[in-house]
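# Remarks on the overall topology
In case you want the letters, here they are:
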Amino acid sequence: MTVASIILKNVYVNGVDTKARANGVKKLLCGAGKFDPTSAEIPILCGVDFEAKHGDKVAIIGRNGCGKSSLLKVISGIYPIASGHRHVVGNVAPLIEMGLGFDPDLSGLKNIKLSFAYRGKLGLYSEDLERQIIEFAELGEKINLPLKSYSSGMQARLAFSCTVFQNPDILLLDEVLAVGDQGFVEKSRKLIEQRFRDAPISIIVHHAIDQVKSLCNRFILMDGGRVISEGSCKDILQEYRTKILKI
Amino acid sequence: MVEAKIFFNKYYYLTIFIIAKNYITRKYQDSYLGALWTLIVPATQIAIYAFVMPKIMKFPSEDYVPFLISSVLFWTFLNNVILGSASSLIANATTIGRCLVSKTIFPLAELGQHLYHFALSLLIGYIFSCFAYGVFSIKILLLPLVMIPILMALTPVLIAIAFITVYIRDFKEFIAIIMNLAFWATPIVYPITIFPPEKQWIFNFNPFYVMMKPISGLVLNGSLPSLYDILRLCALIVISSTISYMIYKKLRRNFIFYL
């Protein structure tokens, strides 16, 4: 049996400003100056240390652009690290954005399979799972219609249902809590909370920590691409308000 | 090693199959003529070349149409799959930024899609050639076998082109120019026999010709590739795999930030 764990030590991630890079190369080719490739780099994570073990339910808080979602992408292996150490054991399900790979021209049914294919979860796919997803999304016969004919609420329900029907060792949630109309919001919230509790390691990124504090046993504050502190929900919330939001 | 493992995973191929199938379904789903366009476009091309080329180049025009069918259809496949793979990663940037599978599936799904269109157009073209020009040979059933080394040479190149285009966006236009030049530098609309035998060796260095000759020979004359053809293909596989792997290894790591 796999014992899920995450170890990130002094992790740096650098993105690229592709426009600055293209302009730099143009200048170089026209003989109008030198081009330093590092000048087009954008620091995304700057020396992140983070560990999680079986049973950890982690909430990560921080303002927009502080690196919360990027941290989840590093854990899931979507973002490569520039330097540092990354060691992740367990089957990861990043619920980072919903509707992964959805194609509006294809039917809802084909999109379910496509969504599993892009997640690398085809091994889990079965007719029974397909039926559960359709039932949960409350789409019935409409599942055979092209996705573009769905209302935005129906699309969101299908996207949510495709995303949430996985049983990973490490569940990564990026503000995906509930979608759709009032009834579906309640149903989806209950399911996602259940999944969050059941997964050996669960990490959630959220702006409103109050909404998730009952689910978590660890609270982390991020700013400027770094983990700046960890503590109780109350302390982290206090620090977030005073140090980051300055209110 | 991790990358090599995926080639032994059946779900890797199943994912490619699903995506390629969706590309095929989507391509003509709202079109009135649908998959018929797969035949109409190359048929028009062949008709134009069949009418114009013998007059310009002044070579004998008997059996020219079966020759064109054997070469133009394969060229159309090569051209479409190379240009398609060049934009395969950029066109799926949003999905790639979130998906967990190997990104090589995207150029390979392009390959799957164009392979299907090629098979369909070649089947119709061959049936036409059989009835109109009597070129039928039972050896045509070996075509899938002959395609294997060609695909082995082509696949790594498609992956490399897809990754290079992410870093250098102009690369797709560059490739389009190369393909235009290669069209006239390869015996596609003219037979190789218009060149004196002592000068034909130069085509050994044209990878498009090296890939095309076994297909063309089988479709046109029912002749299987010679040992020499196979050796040339093996050399092409080694060269294309080595260079493409080096490019892929260098570019795969950070490409997500360039999408």
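Quantities reported herein were computed from a predicted structural model and do not represent experimental measurements.

A count of helical and extended segments in chain A gives eight helices and nine strands. Considered along the principal axes of its C-alpha atoms, chain A spans approximately 60 × 50 × 40 Å. For chain A, restricting intrachain contacts to residue pairs at least 6 apart in sequence, the fraction spanning at least 24 positions comes to 71%.

It is worth spelling out the interface of chain B and chain A at this point. Chain B puts 24 residues into the contact, and the matching count from chain A is 34 residues. A buried area of about 2,500 Å², summed over both sides, lies between chain B and chain A, and 62% of it is on carbon and sulfur atoms. Of all residues in chain B, Arg98, Leu100 and Phe257 of chain B bury the most surface against chain A, accounting for 32% of the area lost on that side. At the junction of chain B and chain A, the tally comes to one salt bridge. The salt bridge involving Arg26 of chain B is made with Asp103 of chain A; its shortest N-O contact spans 2.5 Å. For the pair chain B and chain A, the number of links is three residue pairs in polar contact (both at pLDDT 80 or more). Every element with two or more residues in the side of chain B that touches chain A is listed here: helix 2 (10–27) and helix 7 (105–133) of chain B. With eight residues, helix 2 of chain B is the single largest residue contributor to the side of chain B that touches chain A.

A separate point is the sheet that holds strand 4 (residues 83–89) of chain A. Residues and elements named next belong to chain A. Pairing is antiparallel across the open sheet formed by three strands, whose spatial order is 2-1-4. Only two strands of the sheet have a single partner each, and these edge strands are strand 2 (41–53) and strand 4. Strand-to-strand, the axes of this sheet are offset by a mean angle of 25°, without reference to chain direction. Both strand 1 (residues 5–16) and strand 4 contribute to a ladder of six bridges, which runs antiparallel. Directly across from Ile7, in strand 4, lies its bridge partner His87.

Two aromatic rings, taken as a pair, are described by how far apart their centres are and by the angle between their planes. According to the stated counting rule, one finds 26 aromatic pairs over all chains in the structure shown. Pairing Tyr12 of chain B with Tyr13 of chain B gives two aromatic rings, centres 5.2 Å apart and planes at 85°, and the pair type is edge-to-face. Taking the relative accessible area as the measure of exposure, Tyr12 of chain B reaches 6% and is therefore buried. What makes Tyr13 of chain B partly exposed here is its relative accessible area of 42%. Aromatic side chains Phe195 of chain B and Phe203 of chain B sit 5.3 Å apart centroid to centroid with 65° between the ring planes, which places their arrangement in the edge-to-face category. The class for Phe203 of chain B is buried, based on a relative accessible area of 5%. Three or more aromatic residues joined by ring pairs form one cluster here, namely Tyr49, Trp75, Phe183, Trp184 and Phe208 of chain B. Here the guanidinium or amino end of Arg195 of chain A rests over the ring plane of Phe165 of chain A, the centre of that ring lying 5.5 Å away.

All names here are of chain B. By the element assignment, Thr38 lies in helix 3 (residues 37–57). At 3.3 Å, the side chain of Thr38 forms a polar contact with the side chain of His117. What Thr38 contacts, discounting residues up to four positions off in sequence, is Tyr28, His117 and Ser121.

A few words now on helix 3 of chain B. Residues and elements named next belong to chain B. With 21 residues, helix 3 should cover 30 Å at 1.5 Å per step; its first-to-last C-alpha distance of 29 Å lies within 8% of that length. Approximately 30° is the largest bend angle found in helix 3, and it occurs at Ala50, with the proline Pro54 only one to four residues beyond. If you check which residues of helix 3 are buried, you get Thr38, Leu39, Pro42, Ile46, Tyr49, Met53 and Pro54. In the core, the buried residues of helix 3 are packed alongside helix 4 (64–86), helix 7 and helix 9 (171–185). Just downstream of helix 3, Lys58 is the residue with a positive phi angle, here 55°.

What counts, and at which threshold
Residues numbered from 1 in each chain as written. Chains lettered and ligands numbered in written order. Predicted model: local features only at pLDDT ≥ 70, side-chain atom pairs only at ≥ 80, totals over all residues. Heavy atoms only, no water. Helix = DSSP H or I, 4+ residues; strand = E, 2+ residues; numbered from the N terminus. Contact = heavy atoms within 4.5 Å. Buried area = accessible area lost by both parts, 1.4 Å probe. Salt bridge = Lys/Arg side-chain N within 4 Å of Asp/Glu carboxyl O. Polar contact = N/O pair within 3.5 Å; in protein donor to acceptor, adjacent residues only side chain to side chain. Pairing = 2+ DSSP bridges. Axes fitted to C-alpha atoms, helices over the stretch in contact; angles between N-to-C directions. Phe/Tyr/Trp six-rings, centres within 6.5 Å; stacked < 30°, edge-to-face > 60°. Buried < 20%, exposed > 50% of the residue type's maximum accessible area, 1.4 Å probe, protein only. Lys NZ or Arg CZ within 6 Å of the ring centre and 35° of its normal. Expected span 1.5 Å × (residues − 1). Bend = angle between axes of the 7 residues up to and from the residue.

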